[in-house]
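Report on the structure
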Amino acid sequence: QMSALAPSLTAIEASIDASPPGLLWGSATADATGCWLDPGYDFERCCVAWESVSVGQGNLECWTHGYTYERCCPTTLVPRDIFSCLDREPIWAQLRHETRLSRSASHWGLSEALSLEAARCLLGSLLGAMVHLASIAHISENIDLSVFWERADMLLTAVLRSPISLDEILQSGWSIAKVLLLLHYSPSVHAMAMRLRGDDALSSLPLPAA
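Residues numbered from 1 in each chain as written. Predicted model: local features only at pLDDT ≥ 70, side-chain atom pairs only at ≥ 80, totals over all residues. Heavy atoms only, no water.

The topology assignment puts Glu150 in helix H7 (residues 146–160). Spatially, the C-alpha atom of Glu150 lies 9.1 Å from that of Leu5, the residues being 145 residues apart in sequence. (Helix = DSSP H or I, 4+ residues; strand = E, 2+ residues; numbered from the N terminus.)

Structural data, given as structure tokens:
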């Protein structure tokens, strides 16, 4: 399976440079679909393509009584409050706050966010997995990053094949672009991306400074 994380490390700088001023710091708006009022039904369960067979149709068990993928899972350019996770575990708000301030993950309990099911907070789980990868890579260039990479790559793949636009991701308030840039300039993460995609495929990815 093609990695989603490796090409994202290549593209992130161009995406940031092309973004209009203020794009990364937008504010969320209320979800207008009216689909997520009943307990047990939410965007993560019904719309996210956790498996490739769900691309473009979501979870078929959700689509009854007038609810459809087209109605409930539109792609938007404006961030929706359903991705804020403010109504869920407090650790998600802490994760958002601490990563904005670039504080060390070891000091505020990243492990709690990592222990929760990814469907509890899609973008928060993605950010947590990428922060974890960056933290482990920072410890030593000799650590095997495979397990940490695979989790971050799996979550990024799920996000990218789900009905969530790049604009919405960047404006969501989660510091995903910042952490992708951090990974972009990590020597050990760079080396792993080179191994996964091949030297030629990443020839445009600059080597991080020593």
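Next comes the rest of the write-up.
Going through the model one piece at a time under the given rule, you end up with 4 disulfides. Here Cys35 is linked by a disulfide to Cys72, with a sulfur-sulfur distance of 2.1 Å. Across the disulfide from Cys35 to Cys72, rotation about the S-S bond amounts to roughly -80°, and the bridge is consequently left-handed. Taken as a pair, Cys35 in the loop between helix H1 (5–18) and helix H2 (43–46) and Cys72 in helix H3 (residues 69–72) lie far apart in primary sequence, 37 residues in all. With respect to burial, Cys35 and Cys72 carry one shared label: buried. Paired through a disulfide, Cys85 and Cys121 show a sulfur-sulfur distance of 2.0 Å. Disulfide Cys85-Cys121: the torsion about the S-S bond is 100°, which places it as right-handed. Placement of the pair is Cys85 in the loop between H3 and helix H4 (90–100) and Cys121 in the loop between helix H5 (110–115) and helix H6 (122–139), with a sequence separation of 36 residues. Residue classification places Cys85 among the buried positions, given a relative accessible area of 2%. A relative accessible area of 0% places Cys121 in the buried class. Taken in sequence order, the bonded cysteines of the protein chain link in the pattern 1-5, 2-4, 3-6, 7-8. (Disulfide = S-S within 2.5 Å. Buried < 20%, exposed > 50% of the residue type's maximum accessible area, 1.4 Å probe, protein only.)

This part is about the packing of aromatic side chains. Summed over the entire model, instances satisfying the criterion amount to 2 aromatic pairs. Both rings, one in Phe43 and one in Phe83, keep their centres 5.0 Å apart while their planes meet at 80°; by these two values the pair is edge-to-face. Highlighted residues: Phe43 in helix H2 and Phe83 in the loop between H3 and H4, separated in sequence by 40 residues. The same class applies to Phe43 as to Phe83, namely buried. Judged by centre distance (6.3 Å) and plane angle (80°), the ring pair of Trp63 and Tyr69 falls under edge-to-face. Of the two residues examined, Trp63 and Tyr69, each falls in the buried class. Of note, Arg45 hangs over the ring of Tyr41, and the distance from its end group to the ring centre comes to 4.8 Å. (Phe/Tyr/Trp six-rings, centres within 6.5 Å; stacked < 30°, edge-to-face > 60°. Lys NZ or Arg CZ within 6 Å of the ring centre and 35° of its normal.)

Limitation: the analysis is restricted to geometry and does not speak to function.
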